[in-house]
Structures are given as C-alpha cells and as structure tokens.
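Per-entry structural report
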Amino acid sequence: MSDRLEFFAGERLDDVALFLTDDYLDEQGKIANYGETVDGGVVLVEPGDKGRQLFAAGTGMKAMEFAQSAMGNEGVIADDLSGGECPAAEGEAESGADDHRVKFVFAFAEAKNEEVGGIYAEGDVIHAYAQCECGQSYSDRWVVE
C-alpha cells in the first residue's frame, strides 16, 4: 500500500500530507520527486517535521500558521486532497470556476479520542487546509473510513 493510501486509511497518524497542483510545483520538480502523482498535481506524505518543512519550502508559509488561518473558514476538500469547493465561490457564476481551484492542501490525521466526543469519538480524523487560487484559505475535516 502506498504512503498516500496508508495516510488516508489512518495508518500514518504521525505524518502529514501535502497536495500541490502541477502549476504550483517548483520549476525544478524537486518537490514532485517526493510524492505520488495524482490528477492535477502531487500528494506527498512525510513524517511530521519533514512534511512541515517541505510545505514551507513549497509555499513560503509555516504549515501550522497556515492551518490556523484557514481554520475559521469551512469549505469542502476532496478526500484525496486534490481539489475542493472554496467557500468564496458560493453564489458566483460558473465562469469564475478557475478562480476557485485549489493551489495546495496541508493535512494531518488525529487519532480517535472518545473523551473529546463529536466526530473524534467516531474514529481517526483527517484535518485538511486548502489555499484557493482566489487567495481564500479554508478547512475541512472528516472521519477516516
């Protein structure tokens, strides 16, 4: 099983996952060499610290600061991290769809925690944070199936 599939199955709770679009990857392609090619870009799954460093190198932002800024804006992020539905696109005409494509996503998993309750009592939870082409950051979370 690939690192990506293990992450989405909740088997890599100490790792982080990153999705970078083909347009957003560095020109030398070095970051792409670390990940698995998916439709529209690359997903990387790396140990926590290394993944956060790669995120910073690829985006120029600190991962947890980015996550914190996106946390207040709920949107929908594809469960494979390769896309999403930007909350700023609501009510806009379809002609602006390209303005609301995901540029990159940062995600991590949190172990099931019955004491916390809510979705955390249901199973491991994926936390995902996206940056849209329009500049809007947003978040989503879901229970690992």
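The text that follows walks through the structure, step by step, so that each part is easy to find. (Residues numbered from 1 in each chain as written. Predicted model: local features only at pLDDT ≥ 70, side-chain atom pairs only at ≥ 80, totals over all residues. Heavy atoms only, no water.)

**Quick word on the overall build of the protein**
Counting secondary structure elements, the protein contains three helices and eight strands. Mapped in sequence order, the helices and strands of the protein form the string α-β-β-β-α-α-β-β-β-β-β. Taken over 145 residues, the protein has a buried fraction of 45%. Taking the intrachain contacts of the protein between residues at least 6 apart in sequence as the baseline, contacts between residues at least 24 apart amount to 58%. (Helix = DSSP H or I, 4+ residues; strand = E, 2+ residues; numbered from the N terminus. Buried < 20%, exposed > 50% of the residue type's maximum accessible area, 1.4 Å probe, protein only. Contact = heavy atoms within 4.5 Å.)

**As for the pairing of strand S8 (residues 137-143)**
Within S8, six of the seven residues are buried, which leaves it mostly tucked inside the rest of the structure. As judged from the seven bridges shared by strand S7 (residues 125-132) and S8, these two strands associate in the antiparallel manner. Bridge assignment links Tyr-129 to a residue of S8, and that residue is Ser-139. Connecting the antiparallel pair S7 and S8 is a turn made up of four residues, with Gly-135 showing a positive phi of about 100 degrees. (Pairing = 2+ DSSP bridges.)

**A few points about the pattern of salt bridges**
Applying the stated criterion to the full structure yields seven salt bridges. Note that Glu-36 is salt-bridged to Arg-4, the shortest N-O span being 3.1 Å. On the criterion of sequence distance, the pair formed by Glu-36 in strand S2 (residues 36-38) and Arg-4 in helix H1 (residues 3-8) is long-range, its members being 32 residues apart. Taking relative accessible area as the criterion, Glu-36 reaches 26% and is therefore assigned partly exposed. Notably, a salt bridge pairs Arg-12 with Glu-6, separated by 3.2 Å at the nearest N-O pair. The buried category is assigned to Arg-12, whose relative accessible area is 18%. Taken together, the salt bridges that share partners define one network made up of Asp-3, Glu-6, Arg-12 and Asp-15. (Salt bridge = Lys/Arg side-chain N within 4 Å of Asp/Glu carboxyl O.)

**Topic: the sheet that holds strand S1 (residues 15-21)**
Spatially, six strands are ordered S2-S3-S1-S6-S7-S8 in an open sheet, and the strand pairing comes out antiparallel. On the outer flanks of this sheet lie S2 and S8, each paired with one strand and no other. Averaged over all neighbouring strand pairs, the angle between strand axes comes to 20 degrees, with direction disregarded. In this structure, S1 lies alongside strand S6 (residues 102-110), joined through five bridges in antiparallel fashion. Each residue of the ladder has a partner; that of Val-16, found in S6, is Phe-108. Against the sheet, helix H3 (residues 63-70) engages S6, S7 and S8, with an angle of about 100 degrees to S6. (Axes fitted to C-alpha atoms, helices over the stretch in contact; angles between N-to-C directions.)

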